[in-house]
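One-letter residues, chain by chain:
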Amino acid sequence: MTVTGPARTLPAAPAQPTLPASATAPSASSSGAPEGWWRDAVIYQVYIRSFADGNGDGIGDLLGIRTRLPYLRALGVDAVWITPFYPSPMADGGYDVADYCAVDPQFGRLGDFDALIAEAHELGLRVIVDLVPNHSSDRHRWFAEALADAAGGPARARYIFRPGKGGDGQLPPNDWESIFGGPAWTRTFDPDGAPGEWYLHLFDPAQPDLNWRDEGVRAQFEQILRFWLDRGVDGFRVDVAHGMIKHPDLPDIGYSNQITMLGSAVLPYFDQDEVHEIHRSWRAILDSYPGERIAVAEAWAPSLERLAAYVRPDELHQAFNFHYLNTPWEAGALREVIDLSLRTAGLVGAPSTWVLSNHDVQRHVTRYGGGERGLRRARAAALLMLALPGSAYVYQGEELGLEEVLDLPVELLQDPQRFRSADGVSGRDGCRVPLPWSGTASPFGFTPLNIVDGWLPAPARWAAGTVEAQWQEPNSMLGLYRQALRLRREHPALGDGALDWTDSPTDTLVFTREPGFACTVITGDVAVELPIPGRVLLASGPVHVPAESTAGGEAVVVLPPDTAVWWARG
Ligand code: NOJ
Ligand code: CA
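Quick caveat: nothing in here was measured; it's all calculated off a predicted structure.

Before going further, it helps to examine the domain arrangement of the chain. Assigned domains within the chain: domain 1 (37-136 + 213-490), domain 2 (141-200) and domain 3 (500-568). Once you take the C-alpha centre of each, domain 2 and domain 3 turn out to be 59 Å apart.

Structure (structure tokens):
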């Protein structure tokens, strides 16, 4: 039998697919018991500025998301996480929030958000919003009040202000570096114009860090959580969930280029034990609402063990597994990180999560080598990820096989992190280019009627990879994702649970899941002969299963490089 990519033909559907009548709103199971829906949910990340533009100004918005909800439903995901849409001067793409309980006019109005939630629930999709508690915008009312306050005053206490060092206080209070480059401190001027205290900003100077030792800050955020929970959100993605508590002494670190140590060393501004108290208090709030509202931590912890602490039963529900994202396409390394992820999350009874891309990292087709090879590996990586026990995150556009855009016009770049990038210019804009939906030229249906271009232009080569172009093509990346997501819903072995490894040659992974499922993955550059585990359910590349093939009596199949296959056993 020869199976080229997905085995079944996709139902014919337009770029805006119609929905099955059976779509239902998220709800508790019929017994009334919690479903644990999040333990194996596939959660689709919408980077709002670049997903879909509803009003034609070239910037994605809430209306755009609403019009594309049927697409997400037909794709087969369970939930959507929307990046910040709150009022913001956009110094960091919305992660600089000026008002936590409102919608930025460029993204719509609160009424649009309420409509989005209602429509998503109607379609059976859950909605997760971003919470940005580590820092606010410098345009937040709290920061204006802090600047106007005297040193040591209550409004200043909401942030981290300190006098400088040196005779005139002209040096920063310590040697901490901003993740976006340069010192993590900026000096302020007192109301009389004299140079004054410094404030801490682990990210951009426009993102002052809040002081989570201040009771008022804690109380305000509890109100913010309730504001969105009352509007019906199903959960929060917590930005910099490991960063809210700083070591009380703000000690020097003693070396520079600290960014290279993020996620591998304990730094006095990240992953401090006291941060867990905050997460516990939030869990109590989440649990006080019906319908299993969840929180997922964006936490960079030095090890998977320390990451597991964020998902203890009385803390957050999930944490992004950046250790997995950072693992190269190599069987041994993948097996190691999968084992460690399952073991450490399992220690606290949490599901593991899996993620390949997001709006902060280079798209994985490019990381895996780009071009044909990158795409081939990304197809295989999708089947591997979606076969693993736990919950998976899909970043918008990965289902289209999009590559990083490395040749954006420099004058259009916006990301404050670009100065840190290897080439000194690209930063994170290259993974944030507006999605190509249809048509043959940028903005590829991203804006209504294609009249205005998107805020970043899409490359002409994306014409072949639009949603419209791929929708009816079973061998496309989109076809692969759709079929994988459908099988994942249908197959009793997939989703939450366990896996068993089968020993296999170098550069291969073989595992089974009960009942009756196997996955084989080849990560090397040469074809590998493996025992046939069963009947092909789905393959990421061309697989020829001979009618009769034996090696010492055992039926074998030769699997091509960079290919994953799902098999039905038994
Ligand atoms: C993580 C977000 O994903 C990223 O985009 C942002 O720049 C930082 N946190 C700061 O909020
Ligand atoms: Ca818009």
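Relative to each other, helix α1 (residues 62-75) and helix α12 (residues 477-490) sit at 65°, their axes nearing to 8 Å. Across from Y71, A74 and L75 in α1, the residues of α12 making contact are L478, Y481, R482 and L485. The residue makeup of the contact of α1 with α12, split by class, is 6 nonpolar, no polar and 1 charged.

Right, let's talk about α12 for a bit. Helical periodicity: at 3.6 residues per turn, an α-helix aligns residues three or four positions apart in one direction. The first and last C-alpha atoms of α12 sit 20 Å apart over 14 residues, in line with the 20 Å expected at 1.5 Å per residue. Across the 14 residues of α12, 11 count as buried, placing the element largely inside the fold. Within α12, the full set of buried residues consists of M477, L478, G479, L480, Y481, R482, Q483, A484, L485, L487 and R488.

The strand order β5-β7-β6 describes an open sheet built from 3 strands, whose pairing is antiparallel. Two strands close off the open sheet at either side, each with one partner strand: β5 (161-162) and β6 (185-189). One ladder, built from 2 bridges, connects β5 with strand β7 (residues 195-200); its direction is antiparallel. Counterpart to F161 in the pairing with β7 is Y199.

For the rest of this paragraph, the subject is unusual backbone geometry. In this structure, P443 follows S442 across a cis peptide bond, with omega equal to 15°. Look at the link from E514 to P515: it is a cis peptide, with omega at 0°. Structurally, the position occupied by P515 is in the loop between β14 (508-513) and β15 (517-522). Here the phi dihedral of V240 falls at roughly 45°; this positive angle occurs in a residue that is not glycine. Mapping V240 onto the fold places it in the loop between β8 (235-238) and α5 (275-287). A relative accessible area of 2% means that V240 is categorised as buried. The phi dihedral of D507 is positive, around 65°, even though this residue is not glycine.

Time to look at the confidence of the model for the chain. A residue-level look at the chain finds 92% of positions with pLDDT of 70 or above and a mean pLDDT of 92. When mean pLDDT is taken per element in the chain, strand β2 (residues 42-46) scores highest with 99 and strand β1 (residues 2-4) scores lowest with 34. pLDDT under 50 marks residues 1-34. Its contacts with residues more than four places away, or in other chains, come to 83 contacts.

Strands belonging to one sheet form pairs held by backbone hydrogen bonds; the direction of such a pair is parallel or antiparallel. Strand order across the open sheet formed by 8 strands is β10-β9-β8-β4-β3-β2-β12-β11, with parallel pairing between neighbours. Looking at which strands have only one partner, the edges of the open sheet turn out to be β10 (318-319) and β11 (353-355). As paired strands, β2 and strand β12 (residues 391-395) are joined by 4 bridges and run parallel to one another. If you follow Q45 over to β12, its bridge partner there is Y395.

Here the focus is the nonpolar core. General note: in soluble globular proteins, nonpolar side chains tend to be found buried as a group. Core analysis: the biggest nonpolar cluster contains 149 residues, and Y44, Y71, F85, F236, Y324, L384 and W566 have the highest contact counts within it. In terms of residue count, the dominant contributor to this core is helix α10 (residues 371-387) (9 residues). Of all hydrophobic cores here, the second largest spans 16 residues; its members include A184, W185, F203 and I253.

Right, let's talk about the packing of aromatic side chains for a bit. Scanning all chains against the criterion turns up 31 aromatic pairs. Geometrically, the ring pair formed by F85 and Y86 is tilted, given 4.6 Å between the ring centres and 45° between the ring planes. Like F85, the residue Y86 is buried in the burial classification. Between the aromatic rings of F143 and Y159, the centroid separation amounts to 5.0 Å while the plane-to-plane angle is 80°, which identifies the pairing as edge-to-face. With F143 in helix α3 (residues 141-148) and Y159 in the loop between α3 and β5, the pair connects residues that are 16 residues apart, well separated along the chain. Using a relative accessible area of 3% as the deciding quantity, one classes F143 as buried. Ring pairs connect the aromatic residues Y44, F51, Y71, W437 and W471, which therefore count as one cluster.

Where nonpolar side chains cluster on the molecular surface, the patch consists of L449, I451 and V452 and spans about 340 Å² of accessible area. Summarising the element assignment, L449 is placed in the loop between β12 and α11 (467-471).

Near ligand 1 lie 13 residues; those nearest to it are D92, R237, D239, H359 and D360. Between R237 and ligand 1, the recorded distance is 2.9 Å, taken from a side-chain N or O atom to an oxygen atom. Here an oxygen atom of ligand 1 and a side-chain polar atom of D239 are 2.7 Å apart. Here ligand 1 loses 98% of its free accessible area of 300 Å² to cover by the protein chains. Split into classes, the residues belonging to the shell around ligand 1 amount to 4 nonpolar, 2 polar and 7 charged.

Applying the stated criterion to the full structure yields 2 cavities of 30 Å³ or more. In this structure, the largest cavity occupies an estimated 110 Å³ of space. The wall of the largest cavity is formed by 13 residues, among which L304, L307, A319, A345 and S352 lie closest to the centre. Where the lining of the largest cavity is concerned, the elements lending two or more residues are α6 (304-308), β10 and α8 (331-347). Residues of the lining of the largest cavity, tallied by class, amount to 7 nonpolar, 6 polar and no charged. Of the voids in this model, the second largest cavity is the one considered here, and its volume is about 60 Å³. Of the residues assigned to the lining of the second largest cavity, the class counts are 4 nonpolar, 4 polar and 3 charged.

Turning to helix α4 (residues 215-230), a few remarks are in order. End to end, α4 covers 23 Å across 16 residues, agreeing with the expected 22 Å (1.5 Å per residue, within 8%). All buried positions along α4 are accounted for by V217, R218, F221, I224, L225, W228 and L229. Projection of α4 onto a plane perpendicular to its axis shows the buried side chains occupying an angular sector of 130°, all on one side. Exposed side of α4, more than 90 degrees from the buried face: E215, Q223 and D230 are the residues found there. In this fold, the buried residues of α4 make contact with α2 (110-122), β4 (126-131), α3, β8 and α5. Capping the start of α4 is the job of one residue whose side-chain oxygen sits 3.1 Å from the backbone nitrogen of G216: D214. Downstream of α4 by one or two residues, G232 has phi in the positive range, about 105°.

Conventions and cut-offs
Residues numbered from 1 in each chain as written. Chains lettered and ligands numbered in written order. Predicted model: local features only at pLDDT ≥ 70, side-chain atom pairs only at ≥ 80, totals over all residues. Heavy atoms only, no water. Domains from an automatic or database assignment. Axes fitted to C-alpha atoms, helices over the stretch in contact; angles between N-to-C directions. Helix = DSSP H or I, 4+ residues; strand = E, 2+ residues; numbered from the N terminus. Contact = heavy atoms within 4.5 Å. Nonpolar A, V, L, I, M, F, W, Y, C, P; charged D, E, K, R; others polar. Expected span 1.5 Å × (residues − 1). Buried < 20%, exposed > 50% of the residue type's maximum accessible area, 1.4 Å probe, protein only. Pairing = 2+ DSSP bridges. pLDDT = per-residue confidence, 0-100. Core = buried A, V, L, I, M, F, W, Y, C linked by side-chain atoms within 4.5 Å. Phe/Tyr/Trp six-rings, centres within 6.5 Å; stacked < 30°, edge-to-face > 60°. Patch = residues over 30% accessible without salt bridge, like charges linked within 9 Å, V, L, I, M, F, W, Y side chains within 5 Å. Areas by Shrake-Rupley, 256 points an atom, 1.4 Å probe, with all protein chains shown as cover. Salt bridge = Lys/Arg side-chain N within 4 Å of Asp/Glu carboxyl O. Near = heavy atom within 4 Å. Polar contact = N/O pair within 3.5 Å; in protein donor to acceptor, adjacent residues only side chain to side chain. 1 Å grid on protein atoms, 1.4 Å probe; cavity = no way out; pocket = protein on both sides within 12 Å on 5 of 7 lines; lining within 4 Å. Points joined across faces, edges and corners; volume = space filled by probe spheres on them. Arc of directions from axis to C-beta.

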